[in-house]
Amino acid sequence: MSRWRSPLGATFVLAVVLLAGVSGWLLTDPATSRADALRTGGLAGGAVVALYALWLNDRRRKVEENRQQVERARYELEQLRAERDRDRVTDERFAKSVELLGNEADQVRVGALHALVGLARGRSDYTQTVLDILCAYLRMPSTMDDRERQVRNTAQRLLTELLPPAGDGPDYDLDLTGADLRYFDPSGRRIGTLVMRDAQLHESTNFSDCEFTGPAWLTRATAHGRFRCENAKFGKRAWFSGTTFAGPAEFTGTTFAGEANFKNAVFSDDALLGATFVNALDLYETRFDGRVDLSSVRPSDTVSLYNTLVYSTRIELPEHWTTELADEHTRIIDRRS
């Protein structure tokens, strides 16, 4: 009985009935031959079969679409589960690496640093967090023994390698407040906001060709060796107020788009400030003990020269500036004032 209730059985019965009915009805007309009657009845029955075939194809199409939707949903669910598993594993590796930074063995700490940087390279959303951790490690007081120095050198190198090259990539911030650094060299890198207040920069420091997209704060920092910052670009304010440059300081070719503040800064050696100052230059009570080159300052630049002292005869100044001796001190003044 179920076979006759199926669409196929009903279609077969309807096709036979139409064939017989149409043929029989046409045969009642004497003008219609038996062949024509059978042909017409066959067409009527065939039309019913064709309609059934169309319905069957549409049903198969819908079934296939539903199957594909189910497979797609299953695939997306598996992908989501795999992604969550990766996130869980990554979070566990991250937490373990951070924990190992406190290990007493220097080899373990170096391995933890490399593991953190590896995570950042594989997951860009971890980069700023890893940079923050590297900066925090460098801000910690150091025993300065040879093994710890190697660990800190590794942290400095990995930190600079994580930064994108100048002119390309996202902006990452660095907070190295009070850090004790040696041979710090992020040259040619792109940096967002840089905070190095009270930092101790030993040996040489190289910011040449860097691009600073955020403000740079080096207030009260001390550069014990050569300080290179040639052909760099400061997109916002650059604060060197109270900074001590014990070695040569080179800013040749650098562009300061924001305010360049050297208030109360001390240049104990050569100071080559042949830079472009787009906004303003503050030399309030700045002291130059060695050679000084400020010849690139333009007459239109906004400059503060209050009590700016020089203790060298090797002075290169713009034409509208000169020096005067007062109270046994040589000061730089603006002729137009």
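This text goes with the structure placed above it.
Just so you know, the residues in each chain are numbered from 1, in the order the chain's sequence is written. Reporting in this predicted model follows two pLDDT cut-offs: at least 70 for local features of residues, and 80 or more for side-chain atom pairs to be given and counted; totals over whole chains, interfaces and linings ignore these cut-offs and use all residues. Hydrogens and water are ignored here; the side-chain numbers use all heavy atoms of the structure.

**Some words on the overall build of the protein**
Here a strand is any run of E in DSSP of at least two residues, a helix any run of H or I of at least four, and the numbering for each starts at the N terminus. Looking only at helices and strands, the protein has 6 helices and 26 strands in total. Scored against the burial criterion, the 337 residues of the protein give a buried share of 39%. Contact between two residues is taken to exist if any of their heavy atoms lie within 4.5 Å; hydrogens are not considered. Within the protein, residue pairs in contact and separated by at least 24 positions form 25% of the contacts whose partners lie at least 6 positions apart. Whether a residue is buried, partly exposed or exposed follows from its accessible area with a 1.4 Å probe, protein chains only, as a fraction of its type maximum: under 20%, in between, or over 50%, in that order.

**Some remarks on the side chain of T154**
Locating T154 in the fold gives a position in helix α6 (residues 146–162). Exposure remark for T154: the relative accessible area of 12% places this residue in the buried category.

**Describing the packing of helix α4 (residues 106–122) against α6**
Each axis is a line fitted through C-alpha atoms, and for a helix only the stretch in contact is used; angles between axes span 0 to 180 degrees, taken between their N-to-C directions. At their nearest, the axes of α4 and α6 sit 9 Å apart, and the two run at 5° to each other. When the axes of α4 and α6 are compared, the pair comes out roughly parallel. Of the residues in α6, those in contact with D106, R109, V110, L113, H114, V117, A120 and R121 of α4 are R147, E148, V151, T154, A155, R157, L158, E161 and L162. In this classification, Asp, Glu, Lys and Arg are treated as charged, Ala, Val, Leu, Ile, Met, Phe, Trp, Tyr, Cys and Pro as nonpolar, and every other residue, Gly included, as polar. Tallied by class, the residues present in the contact of α4 with α6 amount to 8 nonpolar, 2 polar and 7 charged. Oblique is the label for every angle not falling under 35 degrees (roughly parallel), over 145 degrees (roughly antiparallel), or within 65 to 115 degrees (roughly perpendicular).

**Comments concerning the pattern of salt bridges**
When a carboxyl oxygen of Asp or Glu lies within 4 Å of a side-chain nitrogen of Lys or Arg, that pair is called a salt bridge. Summed over all chains, the structure comprises 20 salt bridges. Residues D125 and R123 are paired through a salt bridge, measuring 3.1 Å at the closest nitrogen-oxygen approach. The partly exposed category is assigned to R123, whose relative accessible area is 26%. For R298, the salt bridge is made with D301, and the minimal N-O distance between the two is 2.9 Å. Using a relative accessible area of 37% as the deciding quantity, one classes R298 as partly exposed. Residue classification places D301 among the buried positions, given a relative accessible area of 11%. Overlapping salt bridges bring together R109, E148 and R152 as one network.

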